[in-house]
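Listed below, chain by chain, are the residues.
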Amino acid sequence: FYLFFFLMIRRPPRSTQSRSSAASDVYKRQIPYVPKDFWVEFVQSAGVFSIGENSVDIENYVYDYLDSMDSVLNYPGYNQVVRSFNEQGSLLDLEQYLKRLETVPKKEFLGSFLDNHDNKRFLNVNPSFYLLRNAIVFTFAQYGIPIIYSGTEQGFRGGDDPFNREVMWGRMFKESDVYQYIKNIIRVRQEFQWDNYPIQLGNFSKSFASFFRGKVLFAFTNAPLPIFKVVQNQPFAEGEVICNILTYKTECIKVVNNEIGIRINKEPRIYVPKALLNLK
């Protein structure tokens, strides 16, 4: 059992506030402008894991709050994912984002999310389920603590607040395709524990991205048509066979000349060594 304490941090202060007035707002989840040193003391006193929200798209400013609390929502990462997993976006920008993220202390504690109650849902901005699936896998694959906002698993498409706060009663279907997809990713993540390994960048282009975590290869696309890419600088042995765990372990490829040739048709891939799977 884990207890999380969620804090909202707004933009830099325009005026000073007393600590007592700021503290009283914590329980309303409306913390306007609070000095960082307050959060250090507050989190220590609370005795629970804390996640703060700083909803600006400035990496250094957001990530600096990791010095003051256990975690902070990765808003810069969220914005980059929404921009990149778009048919007009570029996955080359994801490569630069991941390179910058490597320099962030405590990056494993960032709150990695795709939808939330303050922004248009992903499907409202990018109305394609294949792009949604790529973005979901990336959310689980990158550094951080994956967070799924209720309704994403049902394919909700709400726009600006309050339309992104759709009612769940009577609409919670465990049989939905996205629900089952997320459930499968969680199972695979628990089984292969890729979060215990650093990210090793693979090959990137405007429409293709790949990286490794241990002996797990992730491949993504934002292209509406099939593409073929060759991944180099990879950790698998020559002749080793790897299989895409997302397609029921049936799509397997062999490492040849220390390269991996991937034919990707809209859907993301998570490849693991065939030797680790119970395949007949």
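Whatever comes next refers back to the structure up there.
Everything in this summary refers to the structure shown in the same document. What you see is a predicted model; the values in this text were computed from it and never measured.

With respect to the overall build of the protein
Okay, so step 1: Along its length, the protein carries 8 helices and 13 strands.
Okay, so step 2: Across the 280 residues of the protein, 50% fall into the buried class.
Okay, so step 3: Accessible area for the protein stands at about 14,000 Å²; split by element, carbon and sulfur atoms hold 53% of it.

Examining the sheet that holds strand 6 (residues 199–205)
What links the strands of a sheet is backbone hydrogen bonding, and the strands pair in either a parallel or an antiparallel sense.
Okay, so step 1: In spatial order, the strands read 6-7-8-13-10-11; together these 6 strands make up an open sheet with antiparallel pairing. Bordering the open sheet on either side are strand 6 and strand 11 (251–254), each of which pairs with just one other strand. Sheet twist, expressed as the average angle between the axes of neighbouring strands with direction ignored, equals 20 degrees.
Okay, so step 2: Pairing geometry for strand 10 (residues 241–244) and strand 13 (residues 269–273), over 3 bridges, is antiparallel. Considered in strand 13, the bridge of cysteine 243 is made with valine 272.
Okay, so step 3: The strands touched by helix 7 (residues 129–141) are strand 6, strand 7 (208–213), strand 8 (216–221) and strand 13; relative to strand 8, the strand with the most contacts, the crossing angle is about 145 degrees.

Considering the state of the cysteines
Okay, so step 1: With the rule as written, the count across this model stands at 1 disulfide.
Okay, so step 2: Covalent S-S linkage joins cysteine 243 and cysteine 252, the inter-sulfur distance amounting to 1.9 Å. Between cysteine 243 and cysteine 252 the disulfide shows an S-S torsion of about 100 degrees. By sign, it is right-handed.

About the cut-offs
- Residues numbered from 1 in each chain as written.
- Predicted model: local features only at pLDDT ≥ 70, side-chain atom pairs only at ≥ 80, totals over all residues.
- Heavy atoms only, no water.
- Helix = DSSP H or I, 4+ residues; strand = E, 2+ residues; numbered from the N terminus.
- Buried < 20%, exposed > 50% of the residue type's maximum accessible area, 1.4 Å probe, protein only.
- Areas by Shrake-Rupley, 256 points an atom, 1.4 Å probe, with all protein chains shown as cover.
- Pairing = 2+ DSSP bridges.
- Axes fitted to C-alpha atoms, helices over the stretch in contact; angles between N-to-C directions.
- Contact = heavy atoms within 4.5 Å.
- Disulfide = S-S within 2.5 Å.

Geometry only, nothing functional implied.
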